[in-house]
Amino acid sequence: MISVRTKLYFSMENLILQQFFVFTFPERHDKMCSYLYFSFLRGQTMDSNFFALISRMRYIARWGLMRNALPENIQEHSHMTAVLAHALAVIRNQFFDGRVDEGQVAVAALYHDAGEILTGDMPTPIKYYNPAIREAYRQVERVAEEKLLAMLPDELRPTYSAALSPAAPEIQQLVKAADKLSAYIKCLEELKAGNTEFKQAAEQTRYALDDMELPELDYFLENFLPSFKLTLDELE
């Protein structure tokens, strides 16, 4: 493997390096994008902050206005939402003649709050206070997602754009349901810990879940949700 450590920053020298690469390694020229071979020639790697920022999801706390017995960050929430979204997709496909891509649903759920790395988690009462605030926050979320995507090489952006902003209505619907279900489970866990701070939030979230009228969600609520109220000994 050829190692080039030269670091050049002037356009004329970059042009010379480009021509050197084309004539010296013609068999590689058609296989490597300009960004790759320029990085290679200049002794640089394709540095991207995308995944380093994703790893910082664990520092963004949820439920900021509430007293929490069990603190939760958006990384924990996103993981649980992905688990639940995948389950809802499987249930839809197995029992209700669905044709949704279970993997795409899980990935979309995993990244559904990624923009909050840059925006932080806005409390629900503020986010939904009125339509103007909600729309303004949507615009902020879109800007945050675009900023994250801009940190990736061009070749990877379409894949991650689909993860950050899934276009399929079915995927959006299941991720939204899983997001709300994850919030409801959090409320139940807080109540189980004796924290009545989450009593009203639990009631409101359950009402929102029932109002969705999704058969796969109703199936989960009936067959799997009761276990979340059990202790560890009872689960065994």
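None of the values given here were measured: they were computed from a predicted structure.

Each value, and the rule that gives it
- Residues numbered from 1 in each chain as written.
- Predicted model: local features only at pLDDT ≥ 70, side-chain atom pairs only at ≥ 80, totals over all residues.
- Heavy atoms only, no water.
- Helix = DSSP H or I, 4+ residues; strand = E, 2+ residues; numbered from the N terminus.
- Buried < 20%, exposed > 50% of the residue type's maximum accessible area, 1.4 Å probe, protein only.
- Contact = heavy atoms within 4.5 Å.
- Salt bridge = Lys/Arg side-chain N within 4 Å of Asp/Glu carboxyl O.
- Axes fitted to C-alpha atoms, helices over the stretch in contact; angles between N-to-C directions.
- Parallel < 35°, antiparallel > 145°, perpendicular 65-115°, else oblique.
- Left-handed = near helix turned anticlockwise from the far one by under 90°.
- Nonpolar A, V, L, I, M, F, W, Y, C, P; charged D, E, K, R; others polar.
- pLDDT = per-residue confidence, 0-100.

1. Details of the overall build of the protein
From N to C terminus, the protein includes 14 helices and zero strands. Each helix (α) and strand (β) of the protein, taken in turn from the N terminus, gives the series α-α-α-α-α-α-α-α-α-α-α-α-α-α. Per-residue burial over the protein gives 36% buried out of 236 residues. When contacts within the protein are restricted to residue pairs at least 6 apart in sequence, long-range pairs at least 24 apart make up 66% of them.

2. A word on the pattern of salt bridges
As enumerated under the stated definition, the model contains eight salt bridges in all. Measuring nitrogen to oxygen at the nearest pair gives 2.9 Å for the salt bridge that ties Lys199 to Glu203. On the criterion of helical spacing, the pair formed by Lys199 and Glu203 is a turn pair, its members being four residues apart in helix α12 (residues 199–212). Judged by its relative accessible area of 46%, Lys199 is partly exposed. Residue Glu203 is classed as partly exposed on the basis of its relative accessible area, which comes to 47%.

3. Some thoughts on the packing of helix α5 (residues 74–95) against helix α6 (residues 102–110)
Between α5 and α6, whose axes approach to 8 Å, the crossing angle comes to 155°. Between α5 and α6, the angle is such that the two are roughly antiparallel. The element α5 and its partner α6 pack so that their crossing is right-handed. Across from Ser78, His79, Thr81, Ala82, Ala85, His86, Ala89, Val90 and Asn93 in α5, the residues of α6 making contact are Glu102, Val105, Ala106, Ala109 and Leu110. Taken together, the residues of the contact of α5 with α6 break down into eight nonpolar, five polar and one charged.

4. Details of the confidence of the model for the protein
Here the protein averages 83 in pLDDT, and 80% of its residues register 70 or above. Taken as a whole, residues 1–45 scores under 50 in pLDDT and shows 42 contacts with residues more than four places along the chain or in a different chain.

5. Thoughts on the packing of α6 against helix α11 (residues 169–192)
At a minimum axis distance of 9 Å, the contact between α6 and α11 shows a crossing angle of 55°. Taken as axis vectors, α6 and α11 run oblique relative to one another. In the crossing of α6 with α11, the sense of the turn from one axis to the other is right-handed. Residues Gln104, Val105, Ala108 and Ala109 of α6 form the contact with α11, whose participating residues are Ile171, Leu174 and Val175. Residues that form the contact of α6 with α11 fall into these classes: six nonpolar, one polar and no charged.

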